[in-house]
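# Notes for the structure review
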Amino acid sequence: MTVGYMREASTANAMTFIRLLFRWNGSVWKSVWWELLMWIQLYCWISMFYRFFLVKTPYGRNFEEIVQHCQKTSSDLSPILTFTIGFYVSYIAGRWWSVFMSIPWPDSTVLSISAFLRDRGRQYKNEDRRLRGAIVRYMLVSFVLVFRSVSEKIIKRFPTLEHFHTAHLLSQDELDIIEKAPPNRQFWLPIEWSLTLLKKTYNRRQIDEHHYSVVVNHLLSYRENLHRILSYDWVNVPLVYVQVVNLCTMLYFILQAVARQPVAVVTPNLVNNSVIPFYAIMEFIVFFGWLKVAQVMLNPFGMDDDDFEIDALIERNLNVSYGYVDDLFDHPPPLQDLVVKK
Amino acid sequence: MTVGYMREASTANAMTFIRLLFRWNGSVWKSVWWELLMWIQLYCWISMFYRFFLVKTPYGRNFEEIVQHCQKTSSDLSPILTFTIGFYVSYIAGRWWSVFMSIPWPDSTVLSISAFLRDRGRQYKNEDRRLRGAIVRYMLVSFVLVFRSVSEKIIKRFPTLEHFHTAHLLSQDELDIIEKAPPNRQFWLPIEWSLTLLKKTYNRRQIDEHHYSVVVNHLLSYRENLHRILSYDWVNVPLVYVQVVNLCTMLYFILQAVARQPVAVVTPNLVNNSVIPFYAIMEFIVFFGWLKVAQVMLNPFGMDDDDFEIDALIERNLNVSYGYVDDLFDHPPPLQDLVVKK
Amino acid sequence: MTVGYMREASTANAMTFIRLLFRWNGSVWKSVWWELLMWIQLYCWISMFYRFFLVKTPYGRNFEEIVQHCQKTSSDLSPILTFTIGFYVSYIAGRWWSVFMSIPWPDSTVLSISAFLRDRGRQYKNEDRRLRGAIVRYMLVSFVLVFRSVSEKIIKRFPTLEHFHTAHLLSQDELDIIEKAPPNRQFWLPIEWSLTLLKKTYNRRQIDEHHYSVVVNHLLSYRENLHRILSYDWVNVPLVYVQVVNLCTMLYFILQAVARQPVAVVTPNLVNNSVIPFYAIMEFIVFFGWLKVAQVMLNPFGMDDDDFEIDALIERNLNVSYGYVDDLFDHPPPLQDLVVKK
Amino acid sequence: MTVGYMREASTANAMTFIRLLFRWNGSVWKSVWWELLMWIQLYCWISMFYRFFLVKTPYGRNFEEIVQHCQKTSSDLSPILTFTIGFYVSYIAGRWWSVFMSIPWPDSTVLSISAFLRDRGRQYKNEDRRLRGAIVRYMLVSFVLVFRSVSEKIIKRFPTLEHFHTAHLLSQDELDIIEKAPPNRQFWLPIEWSLTLLKKTYNRRQIDEHHYSVVVNHLLSYRENLHRILSYDWVNVPLVYVQVVNLCTMLYFILQAVARQPVAVVTPNLVNNSVIPFYAIMEFIVFFGWLKVAQVMLNPFGMDDDDFEIDALIERNLNVSYGYVDDLFDHPPPLQDLVVKK
Amino acid sequence: MTVGYMREASTANAMTFIRLLFRWNGSVWKSVWWELLMWIQLYCWISMFYRFFLVKTPYGRNFEEIVQHCQKTSSDLSPILTFTIGFYVSYIAGRWWSVFMSIPWPDSTVLSISAFLRDRGRQYKNEDRRLRGAIVRYMLVSFVLVFRSVSEKIIKRFPTLEHFHTAHLLSQDELDIIEKAPPNRQFWLPIEWSLTLLKKTYNRRQIDEHHYSVVVNHLLSYRENLHRILSYDWVNVPLVYVQVVNLCTMLYFILQAVARQPVAVVTPNLVNNSVIPFYAIMEFIVFFGWLKVAQVMLNPFGMDDDDFEIDALIERNLNVSYGYVDDLFDHPPPLQDLVVKK
């Protein structure tokens, strides 16, 4: 479920953004609480081990040196980490938006079919309606077939091709043909059928030469967008990149878990003895929160709070598209002149 | 209201930019004064609490340690904050401009209708004019319907669909149809009507085959742009990102409010005893000002000084579009040869 | 006047770039000399005030502390400033180039008119020529009208609409119509006339169906580019951003003017006593020069050395466009076969 | 082989990304293990040389000074390295994706041929099928010819033009013509043939005027994409850039191999005496891993784990394209009305 | 000459990139050796001046203070320099690739002419061939005319318009017309002629209505790309930007030449006394190498190793384009069915 908060951000005053901090869905708190808990546990175990077993032993001395070393090291690593995450997030965010922009909407294609396809009068009314309905349906079937191969949610809703039949998306005949086709072509078979149906209408001059090519181009660019979705799924961000950034963040906080230990070397005082390292926790939330931005955006068809709601999109496309081809279209309201001369 | 200052920035000399600093509308001063006031209050309260209750008590000692710790910590956090805001602002600024570029202008569509639609002579003059007027009006109704769902200002101006009627944007018949339609399709119903009207003109050969497809494509890309506005509103910048950056900035300045306290550890002198921490205030203005850039750009349809003036845009589109379809178009000035041979 | 130096940068050896440093027009020296002078004055005044009034007084002690504080502070601010300017310049530079790319060139439109418009034989020769001339002239009038509203230079050249008449751009009739039109439509009236003229040629079958739509599309995208120029002028970079960056730079160098004072705390020696702070001056040139890049690019239609030469562009477009519609076009050189078989 | 891991990244929780760290193919571990081994060897040799020959000699003293100097130097170099790699990786990553987006897919072209080319009835059925098959085959031959010149893998599969014949991609006649053509034109000869075949169908009115131009445009943009692939191969990232970044990384870790030596100057303790420098190894993995991202992306047609699988792509295109032109296309399933009224 | 190294970068292992470091053409070594030599000389002169004249004089004391001051200063400047170059290089690199992508290739235009222009049978064969040849030649003449005004190399090859005649690019008649034309239009005259020739073929119905507009559009977008090349040459990167970055780098290394002097203040030892400052040399190579990336990319039509080979491109375009219009086109190989059913 995409998390909307635009209404609340309509003015840029402080209260707005303070209020935004208290959201839970899609929030940084929801993203990092588990990791934070793990890290605090790690921190406490190290702390306790030191207090109960090492303090004032020669090993304690060694531990204190390690702590000091980690402090120096983690302060060296901090700017490196900042940039690595910074560049990574801006790369992933760019890709994420391109993916979203690649999701095709059937509207333009369906509207252009409505605009260019001629009625053949009363006696063919039902057949024409069925034909338009089939083209729209085929477009949506391709849509679902493609997203079934990239999105966890959709494959859960349509685990087998049979489910297309029960969802009234495919007839038994259609299902059989698709099941026999090679997997590479399955995605595009319904698009091919749409083209064939359109070609038929062209052959019986139900659509004009130029308009036919416009509609075909709409359909083909619809297909190309679906293809692009597959491409984004096929060629990922190189795994090395993902690993390096995640590894770097984890190492940094493992170092921090040691470096932030209040050890005897430093003069004992309130701040240093405080069991809970406030600053390290803040840093943890900021860095892991930032990293989560990238993790959420990496696979936008997954099941995170901020992932695209493909499920709702399919619903919407079905309803709206069928609406376009429905009869309402042919009965616009009577022409009235509301233009007020100024 | 968008804040214009281009005229004043036409030459890049120092005075220009010093003068720009004294603007109030849309300025950094107007953006941060409230936050700055809050922060100074926080600073003063901490300061007074320390001076009246803690100084020279054992707790004072602890407080001084905390101050020192905060100083070190906040100087560590400063570069991290710089980058986080830097990357964030450049991301939001890119998105902001894309949103602006997605706002469709009806001009091209309306002009192409004027260019391609044939007059049917005297006796149909009024009907033709009414038809062109209706197409234009429908385009604007879709525009308003879409922006009503993304912009606070527009929903205030058109709280219910009834207001479209009183604003002479919809006839009662049209209003009834729209109100009965499912919410997803409401936006596009007027566009559908425009298409139907156009189709009628094509059926009676008032427009040629190729030209008809050009006009339809203009209308469809107008619709796609409106659709994109809805998409930008539907899929926001992930909330985590917004929270991380705002949180990071707030934490930094809470730390600063403590770190900048003049405590007894440091040798007392004029600078350190100064009650008002000049530098921290500067830093506050710079960082919060920078962050405000992003907050203002995050929802460009809100009510900030720099948000897009959709309200004025609707006014402008109404006037200009009706002008295009008006009779002026058909009476160009007499042809004269002004070309001076050189 | 745009500053060209490409010829000198054709090879990337050191001497090339050393020589480039000694250019004056559009150079960093010309940009910052005035600011630098101001800053040196400020520096000297502070220096003298300290030497003549404060030295060895208790206030001198305080001043020295302030200097030390400023040193620490300004070294903290330096990386922040670097990034703020870095991100800002790269944002402005992107925008600047988009603006340049939006400036429409009439060439394609005019050439397509020439390619698609048929001659009607001898007896209409002059009328046809006048018609082509008028279309081209109208395109340029819209161009000038738009740039008159965004560029200081052009409004100086055409302060009133009357000047269009004296510059042989508009006849008296045309002028009257434009003056009576609402300001929003004035820009586009000439484009409308061009469209009307074209429509006339289509109605008398001087241009074919498909070609007519191509020419109209060229004209409309010419108009859209002009529209985009207005948009860039209407929606500026948020003022907050501009203010924050300029403010940050100014504050930094005010701090530096204090921080670089040779005060008694430091052991007196040649370097520290040198009256002119060489390094601070270098830093000043680099940072202010970098900031100037953004200031120059912010309003590319202003009057800086590097701003686009819209004035020359209008001249050029007039000459070239009239050339295209002139008779030369119809008399290509005789066909000869120069292809050498290889 | 492209490394897919999208399914595993569908939710952004910690375990997902920890699990991703244990992948081997395309992983940072696989990328850097060899370099890391080399570096550890270098480190050990220096270490042993110091312990066995230099310790407590005057040269040992000198070595210790060098170590200290390297420590200071390498901590200066670390942020520079971070940025150099950061900017470099984001540049290469942008280029890499553009290359991928330039790979043309024959689908749209083939589908548009199917949509626009008319059947000439029964008696020409085989000839028509052969013609469509030839056009598709020619498109793929151009594809393979182009990728043979940019990809190591493809040249291994098709070392000579003869191999096109054995792979049923070219007939002997076609092969002869291609072999005699100048190398520059070889790539495009098959595309030319496709165009000629299409022109023939247009001449015998098997395709309509407008549709013919649509198909030709599809073919030409297919060719342009292939051309772009050649351009990306022809004009590389400037070698200087690649060298600077690689050089900088190598120098840094040679410095580190010295700087991390536990020498006598520092007080001997557990951390400093540890033979294996943990932190330096982490840093090595992070920096080299990051650099590897760029190295892998630099030539996406090479033989790395993450390079594009052009081989499989050719297979896929062959199968799918032939499928499109096959008879299946002409037999869509019977029209059924599955639209459920809601 | 563009420097190719893609073949060597096909796998991302260490040896590949080590081997790449030993390339000379287009390498960092070739780019910076001269500057490095100069800098080492400067360094040595300062060093010797200090050793022979200043050591142990009071001036020596001053010099040592200057050295210390430079050390502090240059370590402050180092991160600033890193970013300035980083942002600058990424800006220039973006621009460089856009310039490359703007170079028009005649292929699509020529192929579309071949596809759409009808033969008029045997008796006109030669005339038709001559006509196609002339259109192609004119396109190339415009290409050369444009690049003659932006590239040093091309102006050397065609110093006067006469050279077009000797290179069989222009006939004497054509030459005379071009020489008499105003300089602004010279570039586009050949394009105009191509359009006129095409118009002739349209007038005698050798090409169909729709196809004519497609070819004209191809020609116009070819012209627009050439125009863009001129634009990139006309509006450069603001000189201030170039100067600031170069100045900053030079100042930094002048400071370094002083700061790296081994002076008596520091305790004399092997590292500090070493005459050659290894680290500073490394830093020099890295920074200047990085800067060279931008300098090479700044004017891609110059004479650097990595500049675009416009010369070879003209050759290639001539050959390939004439090939397309040659008779080969009309004789495709016989149709054969190689499709293997799978």
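Right, let's walk through the structure included here. (Residues numbered from 1 in each chain as written. Chains lettered and ligands numbered in written order. Predicted model: local features only at pLDDT ≥ 70, side-chain atom pairs only at ≥ 80, totals over all residues. Heavy atoms only, no water.)

## Description of the interface of chain C and chain E
Counting residues at the interface gives 87 residues for chain C and 90 residues for chain E. Together chain C and chain E conceal approximately 8,200 Å² of surface at their shared face, both sides included; 68% is due to carbon and sulfur atoms. Our count for the chain C to chain E interface comes out at one salt bridge. Counting across the interface, chain C meets chain E through 15 residue pairs in polar contact (both at pLDDT 80 or more). Broken down by element, the side of chain C that touches chain E gets its largest block of residues, twelve residues, from helix H3 (residues 58-102) of chain C. (Contact = heavy atoms within 4.5 Å. Buried area = accessible area lost by both parts, 1.4 Å probe. Salt bridge = Lys/Arg side-chain N within 4 Å of Asp/Glu carboxyl O. Polar contact = N/O pair within 3.5 Å; in protein donor to acceptor, adjacent residues only side chain to side chain. Helix = DSSP H or I, 4+ residues; strand = E, 2+ residues; numbered from the N terminus.)

## Re the pattern of salt bridges
Evaluation of the coordinates by the stated rule reveals 55 salt bridges over all chains. Between Arg120(A) and Asp128(A) there is a salt bridge, with its nearest N and O atoms 3.0 Å apart. A salt bridge links Glu315(A) to Arg157(A), with the shortest nitrogen-to-oxygen separation between them at 2.9 Å. Remark: Arg157(A) occurs in helix H6 (residues 152-157) and Glu315(A) occurs in helix H15 (residues 310-325); sequence separation between them is 158 residues. Overall, the relative accessible area of 28% leaves Glu315(A) in the partly exposed class. In this structure Arg157(A) comes out as partly exposed when scored by relative accessible area, which is 33%. Residues participating in the shared-partner salt-bridge network are Asp107(A), Arg316(A) and Arg223(B). (Buried < 20%, exposed > 50% of the residue type's maximum accessible area, 1.4 Å probe, protein only.)

## Here's the deal with the packing of helix H4 (residues 107-116) of chain A against helix H5 (residues 125-150) of chain A
Residues and elements named next belong to chain A. At a minimum axis distance of 11 Å, the contact between H4 and H5 shows a crossing angle of 165°. Relative to H5, the element H4 is oriented roughly antiparallel. The element H4 and its partner H5 pack so that their crossing is right-handed. Along the contact surface, H4 presents Thr-109, Val-110 and Ile-113, while H5 presents Arg-132, Ile-135, Val-136 and Met-139. For the contact of H4 with H5, a count of residues per class yields five nonpolar, one polar and one charged. (Axes fitted to C-alpha atoms, helices over the stretch in contact; angles between N-to-C directions. Parallel < 35°, antiparallel > 145°, perpendicular 65-115°, else oblique. Left-handed = near helix turned anticlockwise from the far one by under 90°. Nonpolar A, V, L, I, M, F, W, Y, C, P; charged D, E, K, R; others polar.)

## Comments concerning the relation of the copies chain B and chain A
When chain B is fitted to chain A, the residual RMSD is 0.0 Å, and the transformation amounts to a turn of 72° plus an axial shift of 0.0 Å. Taken together, the turn and the small shift mark the pair as related by a five-fold rotation axis. If distances are taken from each C-alpha of chain B to the rotation axis, the shortest is found for His210(B), at 5.4 Å. Here only 6% of the interface residues in chain B have copies in chain A that are interface residues too; the copies meet through unlike faces. (Least-squares fit on C-alpha atoms with pLDDT ≥ 70 in both.)

## Overview of the interface of chain B and chain A
Chain B puts 90 residues into the contact, and the matching count from chain A is 87 residues. Roughly 8,200 Å² is buried in total at the junction of chain B and chain A, and carbon and sulfur atoms are behind 68% of that figure. Along the contact surface separating chain B from chain A lie one salt bridge. At the junction of chain B and chain A, the tally comes to 15 residue pairs in polar contact (both at pLDDT 80 or more). Counting residues per element, the side of chain B that touches chain A draws most heavily on helix H11 (residues 209-234) of chain B, at 15 residues. When its residues are assigned to classes, the side of chain B that touches chain A shows 42 nonpolar, 22 polar and 26 charged.

## Regarding a negative patch on the surface
All names here are of chain A. Together, Glu-162, Asp-173, Asp-176 and Glu-179 line one region of the surface with negative charge. No other element matches the three residues that helix H8 (residues 172-180) contributes to the negative patch. As for its position among the elements, Glu-162 is in helix H7 (residues 162-166). Since its relative accessible area comes to 39%, Glu-162 is described here as partly exposed. (Patch = residues over 30% accessible without salt bridge, like charges linked within 9 Å, V, L, I, M, F, W, Y side chains within 5 Å. Areas by Shrake-Rupley, 256 points an atom, 1.4 Å probe, with all protein chains shown as cover. Lys, Arg positive; Asp, Glu negative; His and termini not counted. Charge placed at Lys NZ, Arg CZ, Asp CG, Glu CD.)

## What to know about helix H15 (residues 310-325) of chain C
Helix length check: H15(C), at 16 residues, gives a terminal C-alpha distance of 22 Å against a target of 22 Å (1.5 Å per residue), a fit within 8%. All of the buried residues along H15(C) are Ile310(C), Leu313(C), Ile314(C), Arg316(C), Asn317(C), Leu318(C), Val320(C), Ser321(C), Tyr322(C), Gly323(C), Tyr324(C) and Val325(C). Taken together, the buried residues of H15(C) touch helix H4 (107-116), helix H5 (125-148) and helix H6 (152-157) of chain C together with helix H9 (183-186), helix H10 (189-203) and helix H11 (209-234) of chain E. (Expected span 1.5 Å × (residues − 1).)

## Regarding the relation of the copies chain C and chain E
Note: a rotation about an axis with an accompanying shift along it relates these two copies of the chain. Between the two copies, chain C and chain E, the superposition gives an RMSD of 0.0 Å; the rotation angle is 72° and the shift along the axis is 0.0 Å. A different interface surface on each copy is seen, since only 6% of the contact residues of chain C are contact residues in chain E too.

## A few points about unusual backbone geometry
One non-glycine residue with positive phi stands out, namely Arg205(B), at about 60°. Position of Arg205(B) among the secondary structure elements: in the loop between helix H10 (189-203) and H11. In the Ramachandran plot, His168(C) falls in the positive-phi region, its phi being about 60° despite a non-glycine side chain. With respect to the helices, strands and loops of the structure, His168(C) is situated in the loop between helix H7 (162-166) and helix H8 (172-180). A residue is classified by how much of its surface remains accessible, and His168(C), at 42% relative accessible area, is partly exposed.

## Some thoughts on the side chain of Glu35(E)
Within the secondary structure, Glu35(E) sits in helix H2 (residues 28-54). Under the relative-accessibility criterion, Glu35(E) is labelled buried at 6%. Leave out the neighbours within four places in its chain, and Glu35(E) touches Asn13(C), Ala14(C), Phe284(E), Phe288(E) and Lys292(E).

## Description of the packing of aromatic side chains
Under the counting rule described, the total for this entry stands at 156 aromatic pairs over all chains. Aromatic pair Phe253(D) and Phe284(D): ring centres 4.8 Å apart, planes at 65°, arrangement edge-to-face. Of this pair, Phe253(D) sits in helix H12 (residues 239-259) while Phe284(D) is found in helix H14 (residues 278-298), placing the two residues 31 residues apart along the sequence. For Phe284(D), a relative accessible area of 2% puts it in the buried group. Positioned above the aromatic ring of Trp188(D), the side-chain terminus of Arg223(D) is 4.7 Å from the ring centre. Directly above the aromatic system of Trp97(C) lies the positively charged group of Arg95(E), at a separation of 4.9 Å from the ring centroid. (Phe/Tyr/Trp six-rings, centres within 6.5 Å; stacked < 30°, edge-to-face > 60°. Lys NZ or Arg CZ within 6 Å of the ring centre and 35° of its normal.)

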